[in-house]
Amino acid sequence: MQLVSIIGAHDSLRFAEIEAHLPTASTSTISKRLDEFEEAGIVSRTQYNEIPPRVEYALTDEGDEIRSRLEPLLEWATANS
């Protein structure tokens, strides 16, 4: 839920920026979740042919819909914890 919310709060994010928002999550866990979300059609991955290589992640329309439904739940959890 947090990952979808973080990516959705921005137009797109690079991997290191996502990591900075999730300091307690391991690199491999974030990478695995991004792969799973991409496969599920929630996140899009854009690779730019630059040196150094650049990859950006963004929510798809489906991912944005999921985010809009998760936001009230996350707000409630924050207010009640």
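Computed from a predicted structure; not experimentally measured. (Residues numbered from 1 in each chain as written. Predicted model: local features only at pLDDT ≥ 70, side-chain atom pairs only at ≥ 80, totals over all residues. Heavy atoms only, no water.)

**Q** Describe the nonpolar core, and please don't skip the residues or the numbers.
**A** Counting residues in each nonpolar core, the largest one holds 16 residues, and the members touching the most others are L3, I7, I18, L34, V43 and Y57. Elements that contribute at least two residues to this core include exactly α1 (2–8), α3 (27–39) and β3 (54–59). A total of 4 residues in this core trace back to one element, the largest contributor, which is α1. Beyond its immediate stretch of four places on either side in the chain, L3 contacts I18, L22, R33, L34 and F37. (Core = buried A, V, L, I, M, F, W, Y, C linked by side-chain atoms within 4.5 Å. Buried < 20%, exposed > 50% of the residue type's maximum accessible area, 1.4 Å probe, protein only. Helix = DSSP H or I, 4+ residues; strand = E, 2+ residues; numbered from the N terminus. Contact = heavy atoms within 4.5 Å.)

**Q** Please set out α3 residue by residue, giving values where relevant.
**A** Its 13 residues give α3 an end-to-end C-alpha distance of 18 Å, which sits within 8% of 18 Å, the value for a rise of 1.5 Å per residue. Among the residues making up α3, those that are buried are I30, L34 and F37. The arc enclosing the buried residues of α3, seen along the axis, measures out at 65°, which places them on a common side. Residues of α3 that are exposed and angled more than 90 degrees away from the buried face: S28 and E39. Structurally, α3 contributes buried residues whose contacts are with α1, α2 (15–21), β2 (43–48) and β3. Phi turns positive one or two residues past the end of α3, at G41, with a value near 85°. (Expected span 1.5 Å × (residues − 1). Arc of directions from axis to C-beta.)

**Q** Summarise a nonpolar patch on the surface; cite the residues concerned and give the values.
**A** Together, M1, L73 and W76 give the surface a local cluster of nonpolar side chains, amounting to about 360 Å² of exposed area. In this structure, M1 sits in the segment before α1. (Patch = residues over 30% accessible without salt bridge, like charges linked within 9 Å, V, L, I, M, F, W, Y side chains within 5 Å. Areas by Shrake-Rupley, 256 points an atom, 1.4 Å probe, with all protein chains shown as cover. Salt bridge = Lys/Arg side-chain N within 4 Å of Asp/Glu carboxyl O.)

**Q** Run through the pairing of β3, naming residues and quoting values.
**A** For β3, a buried count of 6 out of 6 residues is recorded, marking the element as mostly surrounded by other parts of the structure. Judged by which residues are buried, β3 turns out to be covered on both faces: R54, E56 and A58 on one side and V55, Y57 and L59 on the other are all buried. By the bridge criterion, 2 bridges tie strand β1 (residues 13–14) to β3 in an arrangement that is antiparallel. Bridge pairing links L13 to Y57 in β3. Pairing geometry for β2 and β3, over 6 bridges, is antiparallel. Following the sheet pairing, Y48 is matched in β3 by R54. (Pairing = 2+ DSSP bridges.)

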